[in-house]
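Descriptive analysis of the structure
Read off the chains here:
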Amino acid sequence: MNEQELLAQFISITGIEDIEVGKRLLEENQWDLNRAVNASLAGQSSPVDREPHPNLFSPHPIHMEHPLQQMIQSMMMGQPHNLQQNLHQIIHAMSPIPGMMLQAKPYNSRQFRDHFEHRFGTVHPTFIQTSFNQAIDKARSEIKFLIAFVHDAQNPAMEKFCRESLCAEFVTTFINEHFIFWAGDITDSEGYSITSELRNGILGIYFSNSAGDPILVDSITDGLAPNDLIFHLINIMDEKGFHLDEAKAEQMNREMDRMLREQQDADFAAALAADAEKERQLEETRMRDHVSFNLNSTRIFNLKFSF
């Protein structure tokens, strides 16, 4: 694509009417169309100074690599709540397309917790400070469902959900008692991967099978009120609880098998010990008989020669 074609496409995407301005932006970005569009939509002449990863809980848009995502993101500002949600879903639906991925940084559980508590306070479900896979392992060992929460500052429902529902004391108590709770942000590599699976859901409820694979059993896509959230989780436990029942039965069977093997091993070891004791006693008897025979032979020999 030559420079004239790039310029025409750039003007078509951004809506810039001044050809000279468009040309200057393309020149400043080495005629890289994506970079120039990003710079234009971000209100910058160059992308060099842009922060690649804003604060986790910043209300400002996350930088997106593809210009179409940038355009939709800019459309969200000042729009009605329901339209913002629709646009938000469009952005994430585009994410699996090659070249349209969000930039994501490594997951840092402690950093996420600190950011979350700074914004919403310290009353919240206990965030397990591990990777998602390690959280799944813990849920399997404790035979509990795992709740995966992915925070997204761009979701208009997120702020209210966190403050009024997730951080409600009775919700926190209920979740801590019945679930393992993992939390991350959409700007994290793990959080972004999970939210793609959840189809933009806020919470995912997972079960770990005997092979250790995470199975998504349900998800919550709306910012439910506290009572509705509790009722929803209770329904999940009732309807999907058979997964835990099966896991408990498997664990009980494994435990019984282990105890049976241990008993068999103990019986076998006892039998070996009894056999060894019998052999020792027989050997002692043979030794005593041998010594007694030698003593008697010596006495007889001495008696013969004493006459």
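What you see is a predicted model, and the numbers here were worked out from it, not measured in a lab.

Overview of the sheet that holds strand S4 (residues 214-220)
The 4 strands are arranged S2-S1-S3-S4 in an open sheet whose pairing can be described as mixed. The open sheet is flanked by strand S2 (179-185) and S4, the only strands paired with a single partner. Between one strand and the next, the sheet's axes are offset by a mean angle of 25°, whatever the strand orientation. With respect to the sheet, helix H8 (residues 158-166) is in contact with strand S1 (145-151), S2 and strand S3 (203-208), its orientation differing from that of S1 by roughly 140°. Strands S1 and S2 of the sheet are contacted by helix H9 (residues 169-178), whose axis makes an angle of about 115° with S2.

Quick look at unusual backbone geometry
Phi at Gln-30 takes a positive value of approximately 55°, unusual for a residue other than glycine. One can find Gln-30 in the loop between helix H2 (19-28) and helix H3 (33-41). The phi torsion at Trp-31 lies on the positive side, around 60°, for a residue other than glycine. With respect to the helices, strands and loops of the structure, Trp-31 is situated in the loop between H2 and H3.

Observations concerning H9
Val-171, Thr-172, Phe-174 and Ile-175 are the residues of H9 that are buried. One side of H9 carries all its buried residues, which in axial view fall inside an arc of 165°. Seen from the buried face of H9, the exposed residues on the opposite side, beyond 90 degrees, are Glu-169 and Glu-177.

Some remarks on the nonpolar core
Ranked by internal contacts, the top residues of the largest apolar core, which has 33 residues, are Phe-116, Phe-149, Phe-181, Leu-203 and Leu-233. Among the secondary structure elements, those contributing two or more residues to this core are helix H6 (109-120), S1, H8, H9, S2, S3, S4 and helix H11 (226-306). With 6 residues, the top contributor of residues to this core is H11. Formed by 16 residues, the second largest nonpolar core is a distinct cluster that contains Ile-136, Val-150, Trp-182 and Leu-198.

Overview of the environment of Ile-194
Relative to the elements of secondary structure, Ile-194 occurs in helix H10 (residues 189-197). Residues Ile-194 and Ala-148, spaced 46 residues apart in sequence, show a C-alpha to C-alpha distance of 8.0 Å. Once residues lying within four places of it in the same chain are set aside, the contact partners of Ile-194 are Phe-132, Ala-148, Val-150, Trp-182 and Tyr-206.

Describing the confidence of the model for the protein
When pLDDT is averaged along the protein, the result is 77; 74% of the residues meet or exceed 70. Per-element confidence in the protein is highest for H9, whose mean pLDDT is 96, and lowest for helix H4 (residues 67-76), whose mean pLDDT is 50. In this model residues 59-67 is a low-confidence stretch, pLDDT under 50, and it forms 36 contacts with partners more than four residues away in sequence or in other chains. Note that pLDDT drops below 50 for residues 76-81; the model gives that stretch 9 contacts with residues more than four away or on any other chain.

Quick look at H10
Among all positions of H10, only Gly-191, Tyr-192, Ile-194 and Thr-195 are buried. In a view along the axis of H10, the buried residues occupy a sector of 165°, so they form one face of it. Summarising the contacts, the buried residues of H10 are in contact with helix H7 (132-142), S1, S2 and S3. Of the residues one or two after H10, Arg-199 is the one with positive phi, at around 55°.

Conventions used here
- Residues numbered from 1 in each chain as written.
- Predicted model: local features only at pLDDT ≥ 70, side-chain atom pairs only at ≥ 80, totals over all residues.
- Heavy atoms only, no water.
- Pairing = 2+ DSSP bridges.
- Helix = DSSP H or I, 4+ residues; strand = E, 2+ residues; numbered from the N terminus.
- Axes fitted to C-alpha atoms, helices over the stretch in contact; angles between N-to-C directions.
- Contact = heavy atoms within 4.5 Å.
- Buried < 20%, exposed > 50% of the residue type's maximum accessible area, 1.4 Å probe, protein only.
- Arc of directions from axis to C-beta.
- Core = buried A, V, L, I, M, F, W, Y, C linked by side-chain atoms within 4.5 Å.
- pLDDT = per-residue confidence, 0-100.

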